[in-house]
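Residues per chain are reported as follows:
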Protein chains: 2
Amino acid sequence: MSQDIPVTGYAILGLLTFGDELTGYEIKQRADVTLRFYWVSPAMSQIYTELRRLSDHGLVTADVRTDGGREVTTYAITGAGQAALREWMDTTPAGFPVLKHPVLLRLLVGHVTEPERTRQMLHEYVAELDRALVDLAQVRESLRGADEPGQPFRFPSLVAEWGLDYFDAERRHTHRALASLDETGAGDTEATA
Amino acid sequence: MSQDIPVTGYAILGLLTFGDELTGYEIKQRADVTLRFYWVSPAMSQIYTELRRLSDHGLVTADVRTDGGREVTTYAITGAGQAALREWMDTTPAGFPVLKHPVLLRLLVGHVTEPERTRQMLHEYVAELDRALVDLAQVRESLRGADEPGQPFRFPSLVAEWGLDYFDAERRHTHRALASLDETGAGDTEATA
DNA sequence: AGTGACTATTCCGATTAGGAACACTACTCT
DNA sequence: AGAGTAGTGTTCCTAATCGGAATAGTCACT
């Protein structure tokens, strides 16, 4: 019963194990602040597609209410949903992370452009990492107070800390690559910007 | 002229800047050993789709030869291809990496299963990381001899080293998470496997 | 001749990406 | 009051991508 649901479906199911009832729109917002760092920010279309599937399988309930003049559907995980999520966790292998790293892709073919351009790209990446670190640190802070063992945000805070470590490591790797690049022109030119 | 080619197209173009002429099959093989670590292993179908597009745009040449009894098409980058790749590198922003990290996704919802199951998953991840490290170290070794500044494998070796650092960092993050998890049951149970 | 492994390409269905479009609510500014 | 604009909530569309099956020929070994 659980084999034909894509991973993103389980991710949404997972989001529903924290809060209460959420609309598709709210799920998108939650996904954008947490899930985006280590999974994807699913498109709206995908979230609603997934919710319909989950609902068809009885893993979530869809409560249609008329709020003001328009219909609003809120979703909540069912007992079957809890069970399916748990079964997925317990019986299917996690699988290896897939990284789409445009900076590394471009570094790979660094020989087709000027070294200065590559340095610039790496510096920009560091700046973006710093921004991501700020955002994630904010998420991590928002979890404080309920992040002790046994409390609801225990696992999210572990993940947030992992993410912070990850971004920090990326910064170091970028600086290392920059240092290696500097060795290149050290002898013949003063390369700086 | 270069705006309607997806990133994977440029990745293939990039692979063609090293060797000489390659068949679609060979491109797939190269992608599987290098590109897969920090970009994707494109499906065969995708590679051939992309090659047709690149060929339509004049960025690669498609040489159809009759080798033995069957037709074999080899692809080579053209001057226009070099220029398009360079323009892409110089004028479009790299963009932030996208990570699809099933281990972190499952850690996030760790509260729906037993702590022991989560520990097990993390240990499996470390084992997979070790395997990936071995593979990548092999790639890195294969580049030796032509990885000095100015030599053809200079940039690939920078990327390989970044990748090694990355996997190593992931191992540390995983161990850190495991250590945090151990704090949980430290008081009441002897949790180990 | 037969089997299996490798090379090479095409085809197919489903999933995913990424927004645009639509519609309604609620707030502010003039 | 009316206009504008920001936010909420959902649907729809197109292209990209995944992942593997299907096809088909070559080569080596038995």
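Please read these numbers as outputs of a predicted model, since none were measured by experiment. Starting from 1, residues in each chain are numbered consecutively following that chain's sequence as written. Here every chain gets a letter starting at A, and every ligand a number starting at 1, in the order they are written. Selection of residues for local features in this predicted model requires a pLDDT of at least 70, selection of side-chain atom pairs for listing and counting requires 80 or more, and totals for whole chains, interfaces and linings are taken over all residues. Derived side-chain values reflect all non-hydrogen atoms in the structure, with water molecules and hydrogen atoms excluded from consideration.

Q: Would you explain the packing of helix 2 (residues 24-33) of chain A against helix 3 (residues 44-56) of chain A in this entry?
A: Between two packed helices, the angle of one axis relative to the other and the distance separating the axes together describe the packing. All names here are of chain A. Between helix 2 and helix 3, whose axes approach to 10 Å, the crossing angle comes to 120 degrees. The pairing of helix 2 with helix 3 is recorded here as oblique in orientation. Our pair here, helix 2 against helix 3, has a crossing hand that is right-handed. Facing helix 2, whose interface residues are Gly-24, Tyr-25, Ile-27 and Lys-28, helix 3 presents Met-44, Ile-47, Tyr-48 and Leu-51. Of the residues that constitute the contact of helix 2 with helix 3, the class distribution is six nonpolar, one polar and one charged. Working convention: axes come from line fits to C-alpha atoms, limited for helices to the stretch in contact. Angles between N-to-C directions cover 0 to 180 degrees. Helix and strand definitions here come from DSSP, where helices need a minimum of 4 consecutive H or I residues and strands a minimum of 2 consecutive E residues; each element is numbered from the N-terminal end. Note on terminology: angles under 35 degrees are roughly parallel, angles over 145 are roughly antiparallel, angles of 65 to 115 are roughly perpendicular, and the others are oblique. Left-handed describes a crossing whose near helix is turned anticlockwise from the far helix through less than a right angle; right-handed describes the clockwise counterpart. Any two residues whose heavy atoms approach within 4.5 Å at even a single point are treated as in contact. All residues other than Ala, Val, Leu, Ile, Met, Phe, Trp, Tyr, Cys, Pro, Asp, Glu, Lys and Arg, Gly among them, are scored as polar; the first ten of these are nonpolar and the last four charged.

Q: Got a minute to help me understand the protein's contact with DNA strand C in this structure?
A: What makes a residue near a molecule or strand is one non-hydrogen atom of that residue sitting within 4 Å of it. Around DNA strand C sit 21 residues, and of these Ser45(A), Gln46(A), Ser45(B), Tyr48(B) and Thr73(B) come closest. For DNA strand C, the backbone makes up 55% of the atoms found within 4 Å of the protein, where backbone means sugar plus phosphate. One of the side-chain N or O atoms of Thr23(B) is found 3.5 Å from a phosphate oxygen in DNA strand C. Polar contacts, as used here, are pairs of N or O atoms within 3.5 Å; protein pairs need one atom able to donate a hydrogen and one able to accept it. Residues neighboring in sequence count only if both atoms are side-chain atoms. One of the backbone N or O atoms of Gly24(B) is found 3.2 Å from a phosphate oxygen in DNA strand C. Every element with two or more residues in the surface near DNA strand C is listed here: helix 3 of chain A together with helix 2 (24-33), helix 3 (44-56) and strand 3 (70-77) of chain B. For the surface near DNA strand C, a count of residues per class yields seven nonpolar, eight polar and six charged.

Q: Would you mind going over the relation of the copies chain B and chain A with me for this structure?
A: For the pair of chain copies, the relating operation is a rotation around an axis with a shift along it. A least-squares fit on C-alpha atoms brings the copies together, and the residues used are those whose pLDDT is at least 70 in both copies. Superposition of chain B onto chain A requires a rotation of 180 degrees combined with a translation of 0.0 Å along the rotation axis, giving an RMSD of 0.0 Å. Seen this way, the second copy is the image of the first under a two-fold rotation axis. Across chain B, the smallest distance between a C-alpha and the rotation axis is recorded for Leu99(B), namely 2.4 Å. When the interface residues of chain B are mapped onto chain A, 100% of them again fall at the interface, so both copies present the same face.

Q: Teacher, can you tell me more about the interface of chain B and chain A here?
A: How large an interface is tends to be reported as the accessible area lost when its parts come together. The interface is formed by 66 residues belonging to chain B together with 66 residues belonging to chain A. A buried area of about 7,200 Å², summed over both sides, lies between chain B and chain A, and 69% of it is on carbon and sulfur atoms. By definition here, a salt bridge exists when the distance from a side-chain nitrogen of Lys or Arg to a carboxyl oxygen of Asp or Glu is within 4 Å. Inspection of the chain B/chain A interface yields six salt bridges. Scanning the region where chain B abuts chain A turns up 25 residue pairs in polar contact (both at pLDDT 80 or more). Here the side of chain B that touches chain A gets 20 residues from one element, more than from any other, and that element is helix 7 (residues 154-185) of chain B. Along the lines of polarity and charge, the residues of the side of chain B that touches chain A split into 41 nonpolar, twelve polar and 13 charged. Note on pairing: two strands pair once DSSP finds at least 2 bridges between them. As paired strands, strand 4 (residues 98-100) of chain A and strand 4 (residues 98-100) of chain B are joined by three bridges and run antiparallel to one another. Within strand 4 of chain B, the position partnered with Val98(A) by the bridge is Lys100(B). Throughout, buried area stands for the accessible area (probe radius 1.4 Å) lost by two parts on being put together, summed over both.

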